[in-house]
Amino acid sequence: MGRMVATSFRELVLTRRSVRMFRQDPVSPDLIGDLLTAVQWAPSPHNTQPWRFTILSESGRHRLATAMALALARDLEAGGVPGREIARQTGRSRLRIASAPAALLCSLSGDGLREYSDERLSALEWQMAVQSVGGALQTLFLLAHERGLGTCWMAAPMYCPDDVRLALDLPADEHPQALVLLGFPDQPGKVRARRPFDEVVRHR
Ligand SMILES: Cc1cc2nc3c(=O)[nH]c(=O)nc-3n(C[C@H](O)[C@H](O)[C@H](O)COP(=O)(O)O)c2cc1C
């Protein structure tokens, strides 16, 4: 399958799909660096730029996948899920992470966030940081798509932040938000229907 080349920004936005099956072609570190250089221009509250990206080596990725699989098994076990099902889910997660040619972890840094004695204001400060991490990730996904790269957002690291910090030796004030898988698509991502326009847009 040839690389899809979108011809306009609007087309890029419309054709980006989450990709979960990749060709084995490597993704060059220069290309990843190039994407992340542009991502830094995403907007953030009082320009805090709270996103941090950890580009994973083969061994970093292995450590992360192992830590997340153990954490998932622990959670499933606590929920009374049978062993066979635990093995299936952890195996699928590990395989998916291992089969992407490149992966990076995006975390939220608490460094630079405003501190308030008011709990409500602190919670909102945090919420804005989370919003801007989402914006940075969407920027990354569109830039990647422009270069023919597929991406997938995996929420798993959020579920076991301590395990992730330990596996990747991250600072204590970094909060794992997403694992991003990157690679040239093996198949186009499945098109998932959108809600009707009138359901998500209203006039008042
Ligand atoms: C915050 C967030 C978390 C997500 N977590 C996962 C995930 O853990 N695993 C996964 O396969 N896809 C995940 N996705 C991708 C969504 O499933 C996908 O964006 C959605 O189904 C729409 O499909 P599309 O991206 O192909 O348009 C996540 C997306 C977002 C924005």
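Just so it is clear, the model here is predicted, and its values are computed rather than measured.

J.: Could you clarify how one ought to interpret the overall build of the protein in this entry?
T.: Check the secondary structure of the protein and you find seven helices and four strands. For a compact globule of 204 residues, the expected C-alpha radius of gyration is about 17 Å, and the protein comes in at 18 Å, within 12% of that figure. Overall, the protein is about 45 × 45 × 40 Å in size when its C-alpha atoms are taken along their principal axes. Taking all 204 residues of the protein together, 39% fall into the buried category. Taking as baseline every contact in the protein between residues at least 6 positions apart, the subset at least 24 positions apart corresponds to 81%. Carbon and sulfur atoms make up 55% of the accessible area of the protein, which amounts to about 12400 Å² in all.

J.: Can you walk me through the pattern of salt bridges in this structure?
T.: A side chain with one charge may pair with a side chain of the opposite charge, provided their charged atoms come close. Going through the model one piece at a time under the given rule, you end up with six salt bridges. Residues Arg23 and Asp25 are paired through a salt bridge, measuring 3.2 Å at the closest nitrogen-oxygen approach. Taking the relative accessible area as the measure of exposure, Asp25 reaches 32% and is therefore partly exposed. Between Arg147 and Asp34 there is a salt bridge, with its nearest N and O atoms 2.8 Å apart. Of this pair, Arg147 sits in the loop between helix 5 (119-146) and strand 3 (150-154) while Asp34 sits in helix 2 (residues 29-39), placing them 113 residues apart in sequence. The class of Arg147 is partly exposed, set by a relative accessible area of 38%. Residue classification places Asp34 among the partly exposed positions, given a relative accessible area of 38%.

J.: What is the right way to read a positive patch on the surface from this model?
T.: A grouping of Arg20, Lys190, Arg192 and Arg194 is seen on the molecular surface, where their side chains present a positively charged patch. Note that Arg194 resides in the loop between strand 4 (174-183) and helix 7 (197-200). Given a relative accessible area of 57%, Arg194 falls into the exposed group.

J.: Is there a simple way to explain the layout of surface pockets in this structure?
T.: One water molecule sets the probe size; rolling that probe over the atoms shows where empty space is left. The space that makes up the largest pocket amounts to roughly 360 Å³. Contributing to the lining of the largest pocket are Met68, Ala71, Leu72, Asp75, Gln89, Arg92, Ser93, Arg96, Met154, Ala156, Tyr159 and Cys160. When contributions to the lining of the largest pocket are tallied by element, the ones reaching two or more residues are helix 3 (58-78) and helix 4 (83-99).

J.: How should the site of the ligand be read in this particular structure?
T.: Around the ligand, the surrounding shell consists of Arg16, Arg17, Ser18, Arg20, Arg96, Cys152, Trp153, Met154, Ala155, Arg192 and Arg194. At 3.0 Å, a side-chain N or O of Arg16 approaches an oxygen atom of the ligand. Across the complex, the protein chains shield 64% of the 620 Å² of accessible surface that the ligand would expose by itself. Per element, the largest residue contribution to the shell around the ligand is three residues, and it comes from strand 3.

J.: Can you help me understand the nonpolar core in this one?
T.: Generally speaking, soluble globular proteins have nonpolar side chains that are buried together. If you look at the biggest cluster of nonpolar residues, it comprises 25 residues, and the most contacted ones within it are Leu137, Leu140, Leu149 and Leu182. Sort the elements by how many residues they give to this core and helix 5 lands first, with seven residues. Not counting residues up to four positions away in its chain, the partners in contact with Leu182 are Phe22, Val27, Ile32, Ala100, Pro101, Ala102, Leu104, Ala144, Leu149, Gly150 and Thr151. By size, the runner-up hydrophobic cluster in this structure holds 19 residues, among which are Phe22, Leu105, Val164 and Leu179.

J.: Sorry if this is basic, but what is going on with the side chain of Arg61 here?
T.: Here Arg61 is to be found in helix 3. No salt bridge is formed by the buried Arg61. Its closest oppositely charged neighbour is Glu58, at 4.3 Å. Of note is the side chain of Arg61, whose polar atom sits 2.7 Å from the backbone oxygen of Ile97. Those residues in contact with Arg61, other than ones at most four positions away along the chain, are Leu56, Ile97, Ala98, Ala100, Pro101, Ala102 and Ala103.

Thresholds applied
- Residues numbered from 1 in each chain as written.
- Predicted model: local features only at pLDDT ≥ 70, side-chain atom pairs only at ≥ 80, totals over all residues.
- Heavy atoms only, no water.
- Helix = DSSP H or I, 4+ residues; strand = E, 2+ residues; numbered from the N terminus.
- Rg over C-alpha atoms; globule rule 2.2 N^0.38 Å.
- Buried < 20%, exposed > 50% of the residue type's maximum accessible area, 1.4 Å probe, protein only.
- Contact = heavy atoms within 4.5 Å.
- Areas by Shrake-Rupley, 256 points an atom, 1.4 Å probe, with all protein chains shown as cover.
- Salt bridge = Lys/Arg side-chain N within 4 Å of Asp/Glu carboxyl O.
- Patch = residues over 30% accessible without salt bridge, like charges linked within 9 Å, V, L, I, M, F, W, Y side chains within 5 Å.
- Lys, Arg positive; Asp, Glu negative; His and termini not counted.
- Charge placed at Lys NZ, Arg CZ, Asp CG, Glu CD.
- 1 Å grid on protein atoms, 1.4 Å probe; cavity = no way out; pocket = protein on both sides within 12 Å on 5 of 7 lines; lining within 4 Å.
- Points joined across faces, edges and corners; volume = space filled by probe spheres on them.
- Near = heavy atom within 4 Å.
- Polar contact = N/O pair within 3.5 Å; in protein donor to acceptor, adjacent residues only side chain to side chain.
- Core = buried A, V, L, I, M, F, W, Y, C linked by side-chain atoms within 4.5 Å.

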